[in-house]
Amino acid sequence: MGKLFAVVVTLIALASATIFALHIWWVPPDISTHGSRIDRQLNETMVVAGVLFVGAQLALAFFVWRFGASATARPIKSFPGGPTPMVVLATVLVGAEILVLTLVGSKVWADVYQTPPAPGALQIEMQAEQFAFYFRYAGADGRFGAMHPELMNDASENFFGLDLANDTTARDDIVVGSLVIPVNQPIVLRMHSKDVNHSFYVPELRIQQDIVPGLVIPLHFTATTPGKYELVCTQLCGLGHYNMRAFVEVKTRSDFDQWLKEKAAAL
Amino acid sequence: MTHGVTTAHAQPQSFLRRHVFSVDHKVIGRQYLDLALVAVVTGMVLSWIMRFHLGWPETPVPGLGKLAPTGAAGGVITPEYYLALMTMHGTIMVFFVLTTAPFAGFGNFFLPLHVGAEDMAFPRINMMSFWVTLLAFLVLLSAFFIGDGPPLSGWTAYAPLSAVGKDAGPGQGVGQTLWAVSIAMFCVAQLLGSLNFIATTLDLRTRGMSLARLPFATWAWFITSVIGLIAFAVLMPACILLILDRVAGTSFFIPAGLVISDRLQPHAGGSPLLWQHLFWFFGHPEVYIAILPGFGIVSQILPVFARKPLLGPRVFIVCLIAIAFLSYTVWGHHMFLSGMNPVSATLFSVPTLVITIPATIICLLWIGTLYGARLRFTAAALFALGFVSVFVSGGISGFFLAQPSTDIYLHGTYFVVAHFHFVMGVAAMFGIFAGTYFWFPKMFGRMMNETLGKWHFWLTFIGVYCVFMPMHYLGLAGNVRRYSAFTDDYLQPLIPLHRFITIAALFTGAVQLIFLYNLIRSRLRGPVAPANPWEATTLEWSTSSPPPHDNFGGHPPVVTHGPNEFGGAGPRDYVMQAEPQ
Amino acid sequence: MSTAVLPPAPTLPGRSVATADGGPERRVAETGVWIAIGTISMSFAALTSALVVRQSSGADWQHLHLPALLYVNTLVLLFSSMTLELSRRRLGSFGLHATLILGILFLVGQGLAWRQLAAQNLHLATGPSSAFFYVFTVLHALHVLGGLGGLGLVERRLAAGALSRTTFKAAALYWHFMALLWLYLLALLTIRG
């Protein structure tokens, strides 16, 4: 029975670790300027975790194999050094790893969430609601019209609650259902929620941020590869949560300018 | 000279007083375990329906259409019903299984025995806590049948989704209020329970039972009670504030200007993040409440079947205390991306990673205990050993989530689901299984069937790895959690893996029937159990199986040894705690 | 007046106090009350932090002027603590009766204060400051009600000649804590409400 336990644990540990190592299911290619640092952190953590995981499971398996009850009553032996090697191993080995990972990781985190956006970043606003994302661009005047909750109306597609009758800054705002951005352009996304908590997640962009009603949460990033990527909601927001999706369309500079011009003309 | 409490209650005579409204901690402990058994079956069936729907969303579940005509017309679940099932699954499992069975269940039965007392310090309050818990469970279940169904906001019930009322969606009317009332009642019951555990451990220890000689499980229950005392004391007012927001028009958690279902909500000024802070200040210690008794049970069981002492018993206790203390400093790691100040994320990540150290030490102590052992492979032993394996697996995935930088990608994905299911849904369950196989003879005076137990172990052990290890891979691929269906393009290639998980889950669930059958059959026809079938040392094994009404037959034990005396040479390789000098 | 509290038993190892039948009784009641004090404090601490956060999160906090009646109620509660201590030390039941009456008076006074506020159109949902005022004072009053129940138990046992020092001390401890908690809430609501 002990030998069976050892074999099963070993097989499980090795099989799981192999699947991780071979990247059979893995993160999609990174299209952001900060993503490579996150990926490096992820890979380093994976190596550390893998060593600890396989090491612990194999140690467990080996001891269970070796120390099953046997016919000849072997004398009981205590682990050499008592608990001290465990304490030292855990504190030094794990503690040291923790220290390194935390120090490096905190810089990666700060890069994304604690640094100001690059100057000249393109400002885009986002409204998250049950169950869609909407985006708006400032238009020719470069200013966003004020948002009025009492004017928000999905049927008339006034997702941002703009006072088009009286607010001149609002009239040229371009409101769309996709996040269209130029490649290699720093973006500042100011995120609002109309109703409940939502979250903005684009796996390829290596970015995620909850959107809290009552707060305006800024997020900045730069995309490096043109293409169409899915943006999904990751904060449970109601029955349509699974379906709450938009697309991030990263266009070349000229394509983006063309698109923006067409949208402005259609207003 | 007697040292126990003078018997406040002689053995009652009526059936009701002996088996239903009993103040005997042993009856109360069994009642909690029975409640947890009903709860875990309920929670598991909910998860089968959920997993089936995820794998085959258009296929009707046989019979479900009749049970839930609104939520599952024709047997196919609506998105809101999926979320409702998910909310109830989480709530039932976390509260009525993982907080109830290893802590209220085994703790109530064995803590007084472990300390050598005749009963808990406050037997009537103890009885009350069980009945309040049961009532809370019934209130929660009533959400299935009242109004438009159970809430869909998850067991975490984030505001404002949970606070604004029925505009937010089906189940968010009376269902959510019932949820909040149920949880508030549960908090009260737990606080009363903790009161009993702490007072009994401090005041009712028999002669010779110093704190240093307490069994490891009792240390774990004691420390868990202290954690609970503070944690549940925070959740209860949070639930009260939530209920007030829902029914009394206050705005603790609801900001101004919300437009839901095209209606401008009449609230203003509240903070959704306040709910998250209050909830997780409770929620993180809660997961340690769920696992610490398992630590204690494993530390209690391993030496018995290894026939040698636990390695580093004092270190173990210190680590438990360190974990308990640190558990209050880490709650923000559930909120890295919540919109709170990003600096806080780094601050919270430090103690989160530090808490790994005592947890690692404990795992190494267990593994080190096996060195030089003479292992006996009973079902209880296998589950204890399996606990080590699955806890290591679950704990290590925490590494990724504890760092804000990697959490950016993994938050809200199946990686999180994998992590907490391994540590709670698997490890904590293994602790419950180990405790059951170990203590069943003492509780019921009969032995469980070992062959069935071993089959139960092997199929479950392999099954849970097949269910939850693949979820890490899903998370790495960016599969978002709490989705009732996978309609996004990037999720399509992952559906075969989901189907594999569903099949594994249904299989592993079916395997539990072996356990259920074993429980029932052994109760009725198991071989009679001796007082100490495992040759263990703690006080419960020095009395009959099951113990008499006053635990020690009017002769409180005098303790002369600690609980860890195994591995001697000679025909008897252990010394019992109440061994005469 | 009968002083039906029993003298302490001969000393035994461990902490023990006499019971009516002369056997030893551990101080579980007192331990229990200390634990309860800890947990109740934690609940009110959580609500305090909720108040602080709410105050800074919305710009709509309007300071609530506490009705003067509250200060009268405070004196009543403090006085009731005094009479309880007198009763406990001199072992007289008159003080105990006085405490019960003063306790009920306190609750009535709180009810009147709530009605005064309601008359000024300050209800639970009027604004955050009134919401917190009601939440704090109602929860405190409910705990005081529980304390009255405990004192009622003490009084019954005293009359039956079956009251132990421990039980009396435990009930008194809880009651004094109610007064202390009230002083804290008064300060909190005055300064930050």
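Residues numbered from 1 in each chain as written. Chains lettered and ligands numbered in written order. Predicted model: local features only at pLDDT ≥ 70, side-chain atom pairs only at ≥ 80, totals over all residues.

**Student:** What is the right way to look at the interface of chain C and chain B in this model?
**Tutor:** Often, the extent of an interface is quoted as the loss of accessible area upon association of its parts. Tallying the contact residues gives 28 residues for chain C and 31 residues for chain B. Counting residues per element, the ones that place at least two in the side of chain C that touches chain B are α1 (28-57) and α4 (128-160) of chain C. When residues in the side of chain C that touches chain B are grouped by element, the largest group, 15 residues, is from α1(C). (Contact = placed C-beta atoms within 7 Å. Helix = DSSP H or I, 4+ residues; strand = E, 2+ residues; numbered from the N terminus.)

**Student:** In this structure, what is going on with the interface of chain B and chain A? I would like to understand it.
**Tutor:** Between chain B and chain A, the contact holds 91 residues from the first and 86 residues from the second. Broken down by secondary-structure element, the contributors of at least two residues to the side of chain B that touches chain A are α4 (79-98), β1 (259-260), α9 (272-306), α11 (342-354), α12 (356-370), α13 (379-402), α14 (404-410) and α16 (450-476) of chain B. Looking at which element gives the most residues to the side of chain B that touches chain A, the answer is α12(B), with 10 residues. Looking at the side of chain B that touches chain A, its residues break down into 58 nonpolar, 24 polar and nine charged. (Nonpolar A, V, L, I, M, F, W, Y, C, P; charged D, E, K, R; others polar.)

**Student:** Any chance you could explain the domain arrangement of chain A here in plain terms?
**Tutor:** Residues and elements named next belong to chain A. For chain A, the domain assignment lists domain 1 (2-67 + 83-113) and domain 2 (122-266). Domain 1 puts 10 residues into the contact, and the matching count from domain 2 is 10 residues. Partitioned by chemical class, the residues of the side of domain 1 that touches domain 2 number five nonpolar, four polar and one charged. (Domains from an automatic or database assignment.)

**Student:** Whenever I open this one, the packing of helix α1 (residues 2-21) of chain A against helix α2 (residues 35-66) of chain A confuses me. Can you help?
**Tutor:** The axes of two packed helices give the description: the angle between them and the distance between them. Residue and element names in this part refer to chain A. Where α1 meets α2, the closest approach of the two axes is 8 Å, and the angle between their N-to-C directions is 170 degrees. By the angle between their directions, the pair α1 and α2 is classed as roughly antiparallel. Residues Gly2, Lys3, Phe5, Ala6, Val9, Thr10, Ala13, Ala17, Phe20 and Ala21 of α1 lie in contact with α2, whose contacting residues are Met46, Gly50, Phe53, Val54, Gln57, Leu58, Leu60, Ala61, Phe62, Val64 and Trp65. Its residues placed into classes, the contact of α1 with α2 shows 16 nonpolar, four polar and one charged. (Axes fitted to C-alpha atoms, helices over the stretch in contact; angles between N-to-C directions. Parallel < 35°, antiparallel > 145°, perpendicular 65-115°, else oblique.)

**Student:** Which parts of the structure should I look at to understand the packing of helix α2 (residues 69-90) of chain C against helix α5 (residues 165-192) of chain C?
**Tutor:** Residue and element names in this part refer to chain C. Viewed as axis vectors pointing N to C, α2 and α5 meet at an angle of 160 degrees, and their least axial separation amounts to 10 Å. What the angle tells us is that α2 and α5 run roughly antiparallel. Every pair of crossing elements has a handedness; the one defined by α2 and α5 is left-handed. Here α2 contributes Leu70, Thr74, Leu77, Leu78, Ser81, Leu84, Glu85 and Arg88 to the contact with α5, which in turn contributes Phe168, Ala172, Trp175, His176, Ala179, Trp182 and Leu186. (Left-handed = near helix turned anticlockwise from the far one by under 90°.)

**Student:** Just to check I follow, could you spell out the environment of Thr413(B) for this structure?
**Tutor:** Residue and element names in this part refer to chain B. Tracing the chain through its elements places threonine 413 in the loop between α14 and α15 (414-444). Accessibility expressed as a C-beta count within 10 Å gives 25 for threonine 413, which makes it buried. Considered as a pair, threonine 413 and glycine 478 are 65 residues apart in the sequence and their alpha carbons are 6.2 Å apart. Look past the residues within four positions of threonine 413 in its chain and what remains in contact with it is Gly475, Gly478, Asn479, Val480 and Arg481. (Buried ≥ 20, exposed ≤ 12 C-beta atoms within 10 Å, placed from the backbone.)

**Student:** What is the right way to look at the domain arrangement of chain B in this model?
**Tutor:** You can read the domains of chain B as domain 1 (20-81), domain 2 (377-529) and domain 3 (536-581). The C-alpha centroid of domain 3 of chain B is placed 34 Å from the C-alpha centroid of domain 2 of chain B.

**Student:** What am I meant to see in the nonpolar core here?
**Tutor:** Nonpolar side chains tend to gather and get buried jointly when the protein is soluble and globular. All names here are of chain B. Ranked by size, the top nonpolar core spans 333 residues in total, and within it Ile301, Leu320, Phe383 and Ala434 carry the most contacts. It is helix α8 (residues 216-247) that contributes the most residues to this core, 22 residues altogether. Excluding its chain neighbours within four sequence positions, the residues that come into contact with phenylalanine 383 are Phe430, Phe433, Ala434, Tyr437 and Phe457. (Core = buried A, V, L, I, M, F, W, Y, C linked by C-beta atoms within 7 Å.)

**Student:** How should I be thinking about the sheet that holds strand β2 (residues 132-137) of chain A in this particular structure?
**Tutor:** Across a sheet, strands are paired by hydrogen bonds formed along the backbone, either parallel or antiparallel in direction. All names here are of chain A. One open sheet holds the five strands; their spatial order is β3-β2-β1-β5-β8, and the pairing between them is mixed. Two strands in the sheet have a free side with no partner beyond their single neighbour: β3 (174-176) and β8 (217-222). Taken over all neighbouring pairs, the strand axes of this sheet differ in orientation by 25 degrees on average, direction set aside. In this sheet, β8 lies alongside strand β5 (residues 186-193) in antiparallel orientation, the contact comprising six bridges. (Pairing = 2+ DSSP bridges.)

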